[in-house]
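# Structural overview for review
So the chains spell out like this:
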Amino acid sequence: MVNGLTLGCVYAVVALGYTMVYGIVQLINFAHGEVVMIGCMVAFSVIVALAPTGLPPAVIVGAGIAAAVPACMAVGYVIERVAYRPLRAAPRLAPLITAIGVSIVLQHLALLVWSRNIIAFPQIIELRLFHFGTSETSAAISNVQLAIIGTSIAMMAGLVTLVYRTKLGIAMRATSQNPQVAGLMGIDVNRVISATFLIGAGLGAVAGAMVGTYYGVAHYQMGFLLGLKAFSAAVLGGIGNLAGAVLGGILMGLIEALGAGYVGDFTNVCLMDRFLPGFAEVCAASPESSLFGSNYKDVYAFIVLILVLVFRPSGLLGERVGDRA
Amino acid sequence: MGTLDRVRADPRLKWAGVALIAVALLALPFVLAMAGTAWVRITNLAILFVLLSLGLNIVVGFAGLLDLGYIAFYAVGAYVYALLASPHFGLHLPWWAILPIGAAVACTFGVILGAPTLRLRGDYLAIVTLGFGEIIRIFLNNLSEPFNLTNGPKGIATIDPIHVLGVDFSSATRIGDYALTGTMKYYYFLLAVLLVVIVVNLRLQDSRIGRAWEAIREDEMAARSMGIDTVRMKLLAFAMGASFGGVAGGMFSAIQGFISPESFILTESVMVLSMVVLGGMGNIWGVVLGAVLLSFVPEILRYTVEPAQRMLFGRSLIDPEVIRMLLFGLAMVVMMLFRPAGLLPSAVRKRELSTGRDDGDGA
């Protein structure tokens, strides 16, 4: 449950990046997962470089994040300028294809820089557990998890303030409603769109650094699955809707964490034997095995995505989006 | 273009050209064999990719639906062949029975995926197909227990080769004093299949269905108001693309003799998509060109870049595989920016992609 919540916060932050870009330019930024990956990798490099200096761990991780954010913002800005802006008036298929192209290029550039191996983060933060109950077996939350949840909430609050309280936020909302009219009202639409990409990439960078410190590993292909799940989360909550992305992200994290455990138990071969004939032998051979164990945890995100799209395409909190192709 | 038009106009010259190409294609494996048997093998894989690209072209090029999980259908076809013609289950059905079964199963998967999702906007379809491709791969990887259906990550080995009229395609046959290797036989087999697929595609493009797809791609609402059942037509495109993928997968199984989930990763889907994009979405000859180019250029790079790096720097700095993927990614971006209709654009598609309209496209 706590794991799910932590994971959910990370998904929510990444999903915010998708949803903001989608809200403004109606484009699925396929390369966003790769931006998160780059953020993770940059943070990793800085942390490795600073680890032997003996600075307090929080400062080191902070420095990693501080380096990852501008790096990702630069990447996000370049992506928008090179691959999306020239195609803003083009049909939908064109920017989707460039987005995939960009994400392949980013992946393999990362491969060149950080090698194709799974790289391990140095364990600089001492893991401390806080128990909810009095016994040793009661649910616990670690300091890293607390930090991730806290940072995520702070960032979400910051983003909401930005969007609803500042001039830039008003400009962003206006552009998402109608770019032409927003332009007529004296808003520099290109600048607003660039700003959106910058903010989205910055959020992605922090998310990447958090994922890295949480799991302790990074890989040049990690962005793909993470991006896909975060996108599913954004769709689940209603794409283009900030609160929806947060809700969707947290739900997605919980579904993944709880689904892997409970669906595995539920489809245990011995349990299946009671309802369907033919499982008795398998049960006798390996009572632990189940039809859909934790190997399938990555599948749940997609199943949720497909179900949402079929039954409620506008998401849980979304307004109705046009269903034209 | 002047000469080409003259050749097109004169039927005698046209047939002479066709005959010339036919002779060249028939002689190709012997020429390539001189450079090394590996090249014949690479050519076979290139033809498989042409088949795949033509299948995806139906979905992306004709109907304008972006499918990012196309390799899943290839995987389904390959696994159907492998399960029905290998010692894994002890089944050894003949290839002409399995290939249609593979096509039908892949087609069913296409319908299962398409039915709920094709009502949605195009970009959702892209992401759902992407997820579907991954789901299939995860299942192939994990369906080894409790029942061993796919043998998990270990894959399925010793798959039966194709037999035609008692001739085994996996080993060499002597004709007179000339040896015809198995790879060469597969080349001719694939060439024959390719010819059939191209003819089917050409006929499909100009058929009532093909025109309906084109209408949907151009403007779905207008198409619907003209009485086209858009969901049914899109589903048909999806199913047909899937069956072509299934057939190609079956042949891949037979040629390789071994398959594992490793062969059906997302990268492969992306590769096939870049072939379609590079050549020109919707143009059959363009797609063929794109697939041939993107199959051969990386192989040529493999043989040139590696030694060149060793010569210049004394060691291999950049893995050719990375260069290949960077090339694919860049090709997609650069093509979309500067030549969105592909190397050989289809006339209609070119018009559509350059008008710069924002609405009413099928993507």
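All figures in this text were calculated on a predicted structure; none of them were measured in a lab.

### Some points on the overall build of chain A
The number of helices and strands found in chain A is 13 helices and four strands. Per-residue burial over chain A gives 50% buried out of 325 residues. At a minimum sequence separation of 6, the contacts of chain A that also span at least 24 residues come to 75%.

### Focus on the overall build of chain B
Within chain B, the regular secondary structure consists of 14 helices and six strands. Within chain B, buried positions represent 47% of all 363 residues. At a minimum sequence separation of 6, the contacts of chain B that also span at least 24 residues come to 74%.

### A look at the confidence of the model for chain B
All names here are of chain B. Predicted confidence across chain B gives a mean pLDDT of 79, with 85% of residues reaching 70 or more. Long-range and interchain partners of residues 356-363, a stretch whose pLDDT sits below 50, account for 26 contacts in this model, where long-range means more than four residues apart. Scoring the predicted complex yields pTM 0.78 and, for the interface, ipTM 0.70.

### Section: the packing of helix H5 (residues 95-117) of chain B against helix H10 (residues 230-256) of chain B
Residue and element names in this part refer to chain B. It is at 7 Å that the axes of H5 and H10 come closest, and there the two elements cross at 140°. When the axes of H5 and H10 are compared, the pair comes out oblique. The two elements H5 and H10 cross, and the hand of that crossing is right-handed. Grouping the constituent residues of the contact of H5 with H10 by class yields 16 nonpolar, nine polar and no charged.

### Some points on the domain arrangement of chain B
Taken as a whole, chain B is organised into domain 1 (1-35) and domain 2 (36-354). In terms of residue class, the side of domain 1 of chain B that touches domain 2 of chain B is made up of six nonpolar, no polar and no charged.

### Some points on the packing of helix H3 (residues 57-84) of chain A against helix H4 (residues 93-114) of chain A
Residue and element names in this part refer to chain A. Between H3 and H4, the shortest axis-to-axis distance is 10 Å and the interhelical angle comes to 135°. Our classification of the angle between H3 and H4 gives oblique. Handedness of the crossing formed by H3 with H4: right-handed. Counted together, Ile79, Ala83 and Tyr84 of H3 and Pro95, Thr98, Ala99 and Val102 of H4 form the full contact between these two elements. For the contact of H3 with H4, the class distribution of residues is six nonpolar, one polar and no charged.

### Quick word on helix H11 (residues 266-279) of chain B
Residue and element names in this part refer to chain B. The end-to-end C-alpha distance of H11, which contains 14 residues, comes to 20 Å, matching closely the 20 Å that a straight helix rising 1.5 Å per residue would cover. Most of H11 is tucked away: 13 of the 14 residues are buried. Immediately downstream of H11, the backbone of glycine 280 shows phi near 130°, a positive value.

### Some points on the environment of phenylalanine 89 of chain B
Looking at where phenylalanine 89 of chain B falls in the secondary structure, it is placed in the loop between strand S1 (85-86) and strand S2 (91-92). Along the primary structure phenylalanine 89 of chain B and asparagine 141 of chain B are separated by 52 residues, whereas in three dimensions their C-alpha atoms are 18 Å apart.

### Let's talk about the confidence of the model for chain A
Overall, the predicted model of chain A reaches an average pLDDT of 77, with 78% of residues at or above 70. Segment residues 320-325 of chain A: pLDDT under 50, and 14 contacts once partners within four positions in sequence are set aside and those in other chains are kept.

### Side note on the environment of valine 270 of chain B
Along the chain, the position of valine 270 of chain B falls in helix H11. For valine 270 of chain B, a count of 23 C-beta atoms within 10 Å corresponds to the buried category. C-alpha separation for the pair valine 270 of chain B and tyrosine 70 of chain B, spaced 200 residues apart in sequence, amounts to 8.7 Å. Not counting residues up to four positions away in its chain, the partners in contact with valine 270 of chain B are Ile100 and Ile104 of chain A together with Phe328 of chain B.

### Focus on the environment of threonine 196 of chain A
Residues and elements named next belong to chain A. Position of threonine 196 relative to the elements: it lies in helix H8 (residues 189-215). Measuring from C-alpha to C-alpha, the distance between threonine 196 and tyrosine 164 comes to 14 Å, with 32 residues separating the pair along the chain. Ignoring sequence-local partners within four residues, the contact set of threonine 196 consists of Met20, Val21, Ile24 and Met172.

What counts, and where the lines are drawn
Residues numbered from 1 in each chain as written. Chains lettered and ligands numbered in written order. Predicted model: local features only at pLDDT ≥ 70, side-chain atom pairs only at ≥ 80, totals over all residues. Helix = DSSP H or I, 4+ residues; strand = E, 2+ residues; numbered from the N terminus. Buried ≥ 20, exposed ≤ 12 C-beta atoms within 10 Å, placed from the backbone. Contact = placed C-beta atoms within 7 Å. pLDDT = per-residue confidence, 0-100. Axes fitted to C-alpha atoms, helices over the stretch in contact; angles between N-to-C directions. Parallel < 35°, antiparallel > 145°, perpendicular 65-115°, else oblique. Left-handed = near helix turned anticlockwise from the far one by under 90°. Nonpolar A, V, L, I, M, F, W, Y, C, P; charged D, E, K, R; others polar. Domains from an automatic or database assignment. Expected span 1.5 Å × (residues − 1).

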